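Structure assessment
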Amino acid sequence: MKIAIISVSEKGQEVACDLKEKLDMDSTVIKTDLYHKNVRKYFPILFDEYDAIIAIMASGILIRSIAPLIESKVTDPAILNVDDNANFVISTLSGHLGGANALTHKIAGLIDATPVITTSTDVNRKLGIDVMARDLYLSIDNTKEILFFNKAILEGREISLTVNPNRNFNYLFEYLNNNTLEIDLSINFSSRIPPEEIHVTLDEHEIILRERKIVVGIGCRRGKECEKIHHGLIQSIGELNIDVSRVNMLASAEIKKDEKGILELSEKLNIPVEFVPLDKLKLFESKDVAKSEFVKSKFGIWGVCEPSALIMAGYDSRLIYKKTSYDGVTISIAVEK
């Protein structure tokens, strides 16, 4: 997640600086940028450039600033409102698909504030269908149906999930078993359902959830054991709260194509691995990729794990876990748009 923090007062700026310092240590936060004052100038830019905006200011200033920019719950960034004394963190916009509710709890924990959530499913301890889609990195084919299904969930009606029996859906079952929010559902199996889809139905209504490709990029020292690489991968996906069965692909640079540890890990997890040609890595550009002078001097590329993950996740993919080192192993994770 790419986060912008904007403040208007000196006190708010102090809160912003403290928060950025803490967020920069979080591997699931790709970058955090600070902005101060000039809210009319900055907000239109922030809406297009960031996944989330944390506004440290009075709610009136925030609402007037974002009102002309709001378009859709599907595309609007998460907006959080924090007071100058850091007493409250309010999920203001895009609570579910934008991730504002989850981010509100995270930020409140970091600054010892009270989180304020107002969405109906959350305050009634129910699991929204859009929350499940976001947590599991699934796209929704018909977002207009979200309201119908969430209303049905609030009313305690049973919805039906149908999946392909040949796909390992441990990630879905684990998520539902571990989730503390209530949802009444039945799970059915049909080989007619594409393996990457989950069909959600009730009466004549249907939503199709599709897996967005998740790719784990791997870099490692020569001869690194499978167990060490496995440890780094498990630690990384654990921070994203996803099961290993949700990972669609492993990726690395072609200079690692004979790396025994990576090949063994692919076989062990039954997840395919792709090795990206150096020519592609040399041409790839992204302002979100960390640059390594050592890797550049040795192989002519700026990095291995981040660009490999982004390339294999596809055009316009994004990082959801930045390059993180684990005893000679580097892991990053990208997701398809």
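Our structure is the block above this text.
Residues numbered from 1 in each chain as written. Predicted model: local features only at pLDDT ≥ 70, side-chain atom pairs only at ≥ 80, totals over all residues. Heavy atoms only, no water.

1. Some thoughts on the overall build of the chain
- In terms of helices and strands, the chain carries 13 helices and 16 strands.
- Against the globule reference of 20 Å for 337 residues, the chain gives a C-alpha radius of gyration of 21 Å, in line with a compact fold.
- Overall, the chain is about 60 × 55 × 30 Å in size when its C-alpha atoms are taken along their principal axes.
- Within the chain, the proportion of its 337 residues that are buried is 51%.
- If you take every contact in the chain between residues at least 6 apart in sequence, the share linking residues at least 24 apart comes to 67%.
- Per element, the accessible surface of the chain, about 16,400 Å² overall, is 48% carbon and sulfur. (Helix = DSSP H or I, 4+ residues; strand = E, 2+ residues; numbered from the N terminus. Rg over C-alpha atoms; globule rule 2.2 N^0.38 Å. Buried < 20%, exposed > 50% of the residue type's maximum accessible area, 1.4 Å probe, protein only. Contact = heavy atoms within 4.5 Å. Areas by Shrake-Rupley, 256 points an atom, 1.4 Å probe, with all protein chains shown as cover.)

2. Remarks on the pattern of salt bridges
- The final tally for this structure, using the stated rule, is 15 salt bridges.
- Linking Arg167 and Glu211 is a salt bridge whose minimum nitrogen-to-oxygen distance equals 3.0 Å. Taken together, the residues span a long stretch of sequence, with Arg167 in the loop between strand E8 (159–163) and helix H8 (170–178) and Glu211 in strand E11 (residues 205–211) at a distance of 44 residues.
- Of the charged contacts, one joins Lys337 and Asp316 as a salt bridge, the two residues approaching to 3.1 Å between their closest N and O atoms. In this pair, Lys337 is assigned in the segment after strand E16 (329–335) and Asp316 in the loop between helix H13 (305–313) and strand E15 (318–325), connecting sequence segments 21 residues apart.
- Relative accessible area serves as the criterion here: at 65%, Lys337 is assigned to the exposed category.
- If you follow the salt bridges from partner to partner, you end up with Arg167, Glu211 and Arg246 in one network. (Salt bridge = Lys/Arg side-chain N within 4 Å of Asp/Glu carboxyl O.)

3. Focus: the side chain of Glu211
- Overall, Glu211 belongs to the buried group, its relative accessible area being 10%.
- In this structure the side chain of Glu211 is engaged in a polar contact, spanning 3.0 Å, whose partner is the side chain of Arg167.
- Side chain to side chain, Glu211 and Tyr171 meet in a polar contact 2.7 Å long.
- In contact with Glu211, other than residues within four places in its own chain, are Tyr137, Leu138, Arg167, Phe169, Tyr171, Pro195, Glu196, Arg246, Asn248 and Glu336. (Polar contact = N/O pair within 3.5 Å; in protein donor to acceptor, adjacent residues only side chain to side chain.)

4. Some details on the packing of helix H2 (residues 39–49) against helix H3 (residues 59–66)
- Direction vectors running N to C along H2 and H3 enclose 60 degrees, while the axes themselves pass 10 Å from each other. The angle between H2 and H3 falls in the class oblique. Viewed along their axes, H2 and H3 form a crossing whose handedness is right-handed. Between H2 and H3, the residues in contact are Val39, Phe43 and Phe47 and Ile61, Leu62, Ser65 and Ile66, respectively.
- Tallied by class, the residues present in the contact of H2 with H3 amount to six nonpolar, one polar and no charged. (Axes fitted to C-alpha atoms, helices over the stretch in contact; angles between N-to-C directions. Parallel < 35°, antiparallel > 145°, perpendicular 65-115°, else oblique. Left-handed = near helix turned anticlockwise from the far one by under 90°. Nonpolar A, V, L, I, M, F, W, Y, C, P; charged D, E, K, R; others polar.)

5. Topic: the pairing of E8
- The buried fraction of E8 amounts to five of the five residues, a majority that puts the element mostly inside the structure.
- Burial along E8 is two-sided: Ile159, Leu161 and Val163 and Ser160 and Thr162, pointing in opposite directions, are all buried.
- Both E8 and strand E9 (residues 185–189) contribute to a ladder of five bridges, which runs parallel. Counterpart to Ile159 in the pairing with E9 is Leu185.
- Taking the sense of rotation as the criterion, the β-α-β connection linking E8, H8 and E9 turns out right-handed. (Pairing = 2+ DSSP bridges. Right-handed = clockwise from strand over helix to strand, strands pointing away.)

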